[in-house]
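This is what each chain is made of:
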Amino acid sequence: MPSIANGLRSNGAWAGAALVAAAAVAPLALNEYYQSFLLQVFLVIALAQAWNLISGMTGYVSFGHSAFFGLGAYAGALFLTWGFPWWLAVFHGAVVAAVLSLPLGMLTLRLRGPYFAIAMLGLNEIGRIVATLWVDLTNGGSGITLAPSLLPSLEMEYFTTLMLALGATLLVAFIHRNRFGLELRAIREDEEAAEMVGVNTTLNKVVAFVLSAVIPGAVGAVSVMYTSFINPNSAFAHTRNVEMIVVVLFGGSGTVWGPIVGAAIIMILREMLWAEFPEVHLALLGVLLVVVVLYLPGGIVSLARRDRRRRPDIAKAGETPP
Amino acid sequence: MTTPVCDPDHILCVWGLRRDFGGVQALRGVDLHVARGTITGLIGPNGSGKTTLFQVISGIDRGATGTINFDRENILGWRPSQIYHRGLARTFQLSRVFPELTVLENLVVAGSRKDRSADERAFGLLERVHLREYAAVLGKHLSYGQQKLVEFLRVLMSDPALILLDEPAAGVNPTLRGTLWDMVRHLNGLGTTFLIIEHNMEVIADLCSDVHVLSDGEIIARGDFAAIRNDEQVLEAYFGKGRHEQGAGTP
Amino acid sequence: MELLEPDILLQLLIGGLLAGALYALLACGLNLVFGVMRVINLAHAELMLIGAFGSYVLYAAFGIHPLISLFLIVPVMFVAGYYFQRVLIERVVGRPMLDSLLATYGVAIILINIGLLVFTADFKSVPVLQGSFAIGDIPISEPRAVAGLISVALTVGVYLFLERTRLGKAIRAVSEHAQVASICGIDVRKIRMLAFGLASAMAAAAGVMLSVIYSFWPGSGIDFIQKCFAIIIIGGMGNFVGAFYGGVLLGVVESFVGAFVSTQWGEAMAYLLLVAVLLIRPTGLKGAARA
């Protein structure tokens, strides 16, 4: 492997470590407002990396991953009301999302490309409908309000979300470099050809899918503790879907830093310009999505990265595909 | 009806393979045996079902009935990845190199997970075809001929016992073509069996000890090249009834 | 059980057919776009809402009856769709379908949020048509009857256009095989613009009809687009007639389930059908043997 890439990688690792250290000590210096802001950034990063895993790396672009956020949110809220300590409720949020993602994944991963995307979109809506109809469990449309005494402090939430963002990023970084990640990328490139050279595509896809569901599950549970309220619309909101997709595509799909860069830029812009107007924020995300799809498919990261690999002469004389 | 037993000298035995595509019979009861250690050719007019046969044997197409026996095991219904790990590999007619993976990654992903020295194996293979400097190049940046070569190398990573090659030289320039056939001969010398779909009769004549002719979903002739080139049925399949003449335009 | 009275059943059936006609009009438009340019327009339901809100605005601000604004809105949306295709959709034609899905998802988000900014999340409706009339002993809601019949008329009209006129045949030719069509002298780009304009007009018309029977808000589109997907996947992607029957079928199923179980379960039917189809035909669901 070229040493330049190795060098970049270790630089990236140092930069990452520095950021994490800075984030860890930040609460000492920042007031609650900025802590809340960073907390939300961490949540978005965690969600984005999870989406990155299944959509960016494996090529199964999901339009409904917020379904797992919602599942985790409800699980977290319920376990909390049932008397579990908050951190265990978060854990259970992740577990519930993971457990349900297994059959759901086996169902939806049989579909290709746009059909998978649409099916996942439907899954999110089904989640919302189930939450609305299952009144005994979820209190239906009225939602569940969480008593403040059950909730962790802002500091604890801050560090939990930081850990989730870090964990998600490390997971993606780790997978990116190892054999599993290579197989996922091969699946993304050409699933049939990957199967032909010995990659067990079904197993790989399902594992990636479950991993990509665990994180939103945990994030959902933490988020519900942050807002202290949940109802079907907030749990299965499209906002999260759009954010996941746009943050990753804008930042750079399939890369480790892309979601982080994307999340940082978008969240900072949002905070500075239009935090008061969520509709404006979403509309602009929509614009960004269109622009990225049309003009910048590789995301921001692709601008920063110059292709240092040699390009041999293409199409030598006498060589044409039959 | 008892399943016929495959001769231990045959690495691949196919009996009664049928494949229907909603009314179109692509394979009508194909019987085919490939002897171990040979380079066997598979020829036939366009549309005769050659690629379909490969699709079925390699496991991508799971809609066929019949028996496929590879190295003493019945593999009909196996996943393609299972078949690959069992020792049967296959290339495609049009290059299917992974475009966003480097050449090295293209090769390594086709190797065994447990193989610690996968990188060295890959470099060794690239060395053999003078493509070592291209290890870090993305698949999409290779010329078409180089892509086909890399695709060929890819299936060698798992050291298969039988390789199905689907028109491996199509679209490749003469120099690289020569490299390819040299490798086939070399590997065959080391014991690898090949089943090759080709339209170039010179190659078939030169390389293959055994040739099967597939026409309209059935094997209509089998033997060495000299025998089949004068076979009535074969000529008819290629040129139609009554339109052929001895020596003129024969395959 | 009172529900099993023949009169009630008939009422449910007719109600379902009328509602289904609206779905059919919407789904056929989406299908048309897919058939002609292999683009999945996730913003199709928002085009419908433009029609619905247009009807609302024209009524609330100028007192124009929806059936009149139909004649204003539909041509405008046709032209808007025609040019919108050139500006945006054309750029994702020929690219993987996922790109068009993502881009139109972006457009949908933009439209929804502009709608929220302008109209807020309050439900709107245009309650001009009221009351019901009776056929024999069966009461039929007047707004639903009008909306349903107009929807059917429009859908049939488009069908006849596609089947009988030269332009319609050109559109179908491009759906079948764009390359061959262009060799035959058809201006494929123009046809695509036309088809998208037509589909937008159909969606807008469905929206005007919608405004008369249901109340709606900018977020209503999400349910409708899911229903369209369910309809199209069941009826066969690219299959115009299939989408029509699928739409009507969904309407009837919703009607009966809504009555016998609950309205919410009725609403959930589209999703359940989607899941059921996924279970039965998971192989990418190519309708009419085309990808």
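Residues numbered from 1 in each chain as written. Chains lettered and ligands numbered in written order. Predicted model: local features only at pLDDT ≥ 70, side-chain atom pairs only at ≥ 80, totals over all residues.

Take the overall build of chain A next. Looking only at helices and strands, chain A features 15 helices and two strands. In terms of overall dimensions, chain A is globule-like: its C-alpha atoms have a radius of gyration of 20 Å, near the 20 Å expected for 322 residues. Judged by the C-alpha coordinates and their principal axes, chain A covers about 75 × 45 × 35 Å. Per-residue burial over chain A gives 52% buried out of 322 residues. When contacts within chain A are restricted to residue pairs at least 6 apart in sequence, those whose partners lie at least 24 apart make up 80%. (Helix = DSSP H or I, 4+ residues; strand = E, 2+ residues; numbered from the N terminus. Rg over C-alpha atoms; globule rule 2.2 N^0.38 Å. Buried ≥ 20, exposed ≤ 12 C-beta atoms within 10 Å, placed from the backbone. Contact = placed C-beta atoms within 7 Å.)

What follows concerns the overall build of chain C. Each helix and strand in chain C was counted, giving eleven helices and two strands. Its helices and strands in sequence order give chain C the pattern α-α-α-α-β-β-α-α-α-α-α-α-α, from N to C terminus. Here the C-alpha atoms of chain C give a radius of gyration of 19 Å, agreeing with the 19 Å that 2.2 N^0.38 yields for 291 residues. In terms of principal-axis extent, the alpha carbons of chain C reach across some 60 × 50 × 35 Å.

A word on the packing of helix H2 (residues 32–57) of chain A against helix H13 (residues 258–273) of chain A. Residue and element names in this part refer to chain A. Between H2 and H13, the shortest axis-to-axis distance is 9 Å and the interhelical angle comes to 140 degrees. For the crossing formed where H2 meets H13, the hand is right-handed. Residues Phe37, Gln40, Val41, Val44, Ile45, Ala48, Gln49 and Asn52 of H2 form the contact with H13, whose participating residues are Pro259, Ile260, Gly262, Ala263, Ala264, Met267 and Glu271. Grouping the amino acids of the contact of H2 with H13 by side-chain chemistry returns ten nonpolar, four polar and one charged. (Axes fitted to C-alpha atoms, helices over the stretch in contact; angles between N-to-C directions. Left-handed = near helix turned anticlockwise from the far one by under 90°. Nonpolar A, V, L, I, M, F, W, Y, C, P; charged D, E, K, R; others polar.)

All names here are of chain B. Spatial ordering of the open sheet is given by S2-S1-S4-S5, a layout of four strands whose pairing is antiparallel. Pairing within the sheet leaves two strands with one partner each, and these edge strands are strand S2 (24–35) and strand S5 (73–74). In terms of strand pairing, strand S4 (residues 65–70) meets S5 through two bridges, oriented antiparallel. Pairing of Asn69 across the sheet is with Asn74, part of S5. This element, helix H1 (residues 50–57), spans strand S1 (10–21), S2 and S4 of the sheet and lies at about 70 degrees to S2. (Pairing = 2+ DSSP bridges.)

Residue and element names in this part refer to chain C. Where helix H1 (residues 6–37) meets helix H5 (residues 142–164), the closest approach of the two axes is 8 Å, and the angle between their N-to-C directions is 40 degrees. With respect to their mutual orientation, H1 and H5 come out oblique. Crossing angle aside, the handedness with which H1 passes H5 is left-handed. Residues Gly15, Leu17, Leu18, Ala19, Ala21, Leu22, Ala24, Leu25 and Cys28 of H1 lie in contact with H5, whose contacting residues are Arg144, Ala145, Ala147, Gly148, Ser151, Val152, Leu154, Thr155 and Val158. Looking at side-chain class alone, the contact of H1 with H5 contains 13 nonpolar, four polar and one charged residues. (Parallel < 35°, antiparallel > 145°, perpendicular 65-115°, else oblique.)

Moving on: the interface of chain A and chain C. Listed per partner, the contact involves 29 residues of chain A and 30 residues of chain C. Mapped onto the side of chain A that touches chain C, the elements with two or more residues apiece are helix H5 (113–133) and helix H14 (278–295) of chain A. It is H5(A) that provides the largest number of residues to the side of chain A that touches chain C, a total of twelve residues. Within the side of chain A that touches chain C, the residues separate by chemical class into 21 nonpolar, four polar and four charged.

Further remarks concern H2(A). With 26 residues, H2(A) extends 36 Å between its outermost C-alpha atoms, agreeing within 8% with the 38 Å of an ideal straight helix rising 1.5 Å per residue. Along H2(A), the largest kink reaches about 35 degrees and is centred on A:Trp51. (Expected span 1.5 Å × (residues − 1). Bend = angle between axes of the 7 residues up to and from the residue.)

Right, let's get into unusual backbone geometry. Even without a glycine there, the phi angle at A:Ser228 is positive, about 60 degrees. By the element assignment, A:Ser228 lies in the loop between helix H10 (201–227) and strand S2 (229–230).

With that out of the way, let us pick up the confidence of the model for chain A. Residue and element names in this part refer to chain A. Mean pLDDT over chain A works out to 87, with 91% of the residues at or above the 70 mark. When pLDDT is averaged over each element of chain A, H10 comes out on top at 95 and helix H1 (residues 3–29) at the bottom at 73. For the stretch residues 1–5, pLDDT sits under 50, and the model shows three contacts to residues farther than four places along the chain or on other chains. In this model, residues 307–322 is a region of pLDDT below 50 whose contacts with residues beyond four sequence positions or in other chains number 31 contacts. (pLDDT = per-residue confidence, 0-100.)

What follows deals with the pairing of strand S8 (residues 193–197) of chain B. Residue and element names in this part refer to chain B. Of all the five residues making up S8, five are buried; the element is thus mostly covered by neighbouring parts of the structure. By the alternation rule, side chains of S8 split into Thr193, Leu195 and Ile197 and Phe194 and Ile196, which are all buried. As paired strands, strand S3 (residues 39–43) and S8 are joined by four bridges and run parallel to one another. From the neighbouring strand, Ile39 faces S8, where its bridge partner is Phe194. The pairing of strand S7 (residues 162–166) with S8 spans five bridges and is classified as parallel. The residue bridging Ile163 from the neighbouring strand is Phe194, located in S8. Once the chain exits S7 it traverses helix H6 (residues 174–189) before rejoining the sheet at S8, and the crossover so formed is right-handed. (Right-handed = clockwise from strand over helix to strand, strands pointing away.)

Our focus in this paragraph is the nonpolar core. Formed by 279 residues in total, the largest nonpolar core has its most connected members in A:Ala46, A:Leu289, C:Leu26, C:Met48, C:Met202, C:Ala204 and C:Ala205. Ignoring sequence-local partners within four residues, the contact set of C:Met202 consists of C:Leu25, C:Cys28, C:Gly29, C:Leu154 and C:Val158. (Core = buried A, V, L, I, M, F, W, Y, C linked by C-beta atoms within 7 Å.)

Bringing the confidence of the model for chain C into the picture now. Residue and element names in this part refer to chain C. In this model, chain C carries an average pLDDT of 87, and 95% of its residues clear a pLDDT of 70 or more. The model gives residues 283–291 a pLDDT under 50, and that stretch makes 16 contacts with residues more than four places away or in other chains. Here the predicted complex scores 0.88 on pTM and 0.87 on ipTM.

Here we come to the sheet that holds S7(B). Residues and elements named next belong to chain B. The six strands are arranged S6-S7-S8-S3-S9-S10 in an open sheet whose pairing can be described as mixed. Two strands lie at the open edges of the sheet, namely strand S6 (88–90) and strand S10 (218–223), each paired on one side alone. Between one strand and the next, the sheet's axes are offset by a mean angle of 20 degrees, whatever the strand orientation. Helix-sheet contacts for helix H9 (residues 232–239) involve strand S9 (210–215) and S10, and the interaxial angle to S10 is about 130 degrees.

With that settled, the discussion passes to the environment of A:Phe174. Structurally, A:Phe174 can be placed in helix H7 (residues 154–177). For A:Phe174, a count of 12 C-beta atoms within 10 Å puts it in the exposed group.

Turning our attention to the pairing of strand S1 (residues 132–135) of chain C. Bridge count between S1(C) and strand S2 (residues 138–141) of chain C: four bridges; the pairing is antiparallel. Within S2(C), the position partnered with C:Ala134 by the bridge is C:Pro139.

Residues and elements named next belong to chain C. Taking 1.5 Å of rise per residue, 19 residues should cover 27 Å, and helix H2 (residues 44–62) covers 27 Å from first to last C-alpha, within 8% of that figure. With 15 of its 19 residues buried, H2 lies for the most part within the structure. Looking one or two residues beyond H2, the residue adopting positive phi is Gly63, at roughly 70 degrees.

This part is about the environment of A:Ile144. Residue and element names in this part refer to chain A. Of note, Ile144 is situated in strand S1 (residues 144–145). Overall, the presence of 20 C-beta atoms within 10 Å leaves Ile144 in the buried class. Sequence separation between Ile144 and Ala283 is 139 residues, and the spatial gap between their C-alpha atoms is 29 Å.

Moving on: the environment of A:Ser153. Residue and element names in this part refer to chain A. Inspection of the secondary structure assignment puts Ser153 in the loop between S1 and H7. Among the residues examined, Ser153 registers 9 C-beta atoms within 10 Å and is labelled exposed. Distance in space between the C-alpha atoms of Ser153 and Thr132 is 29 Å, their sequence separation being 21 residues.

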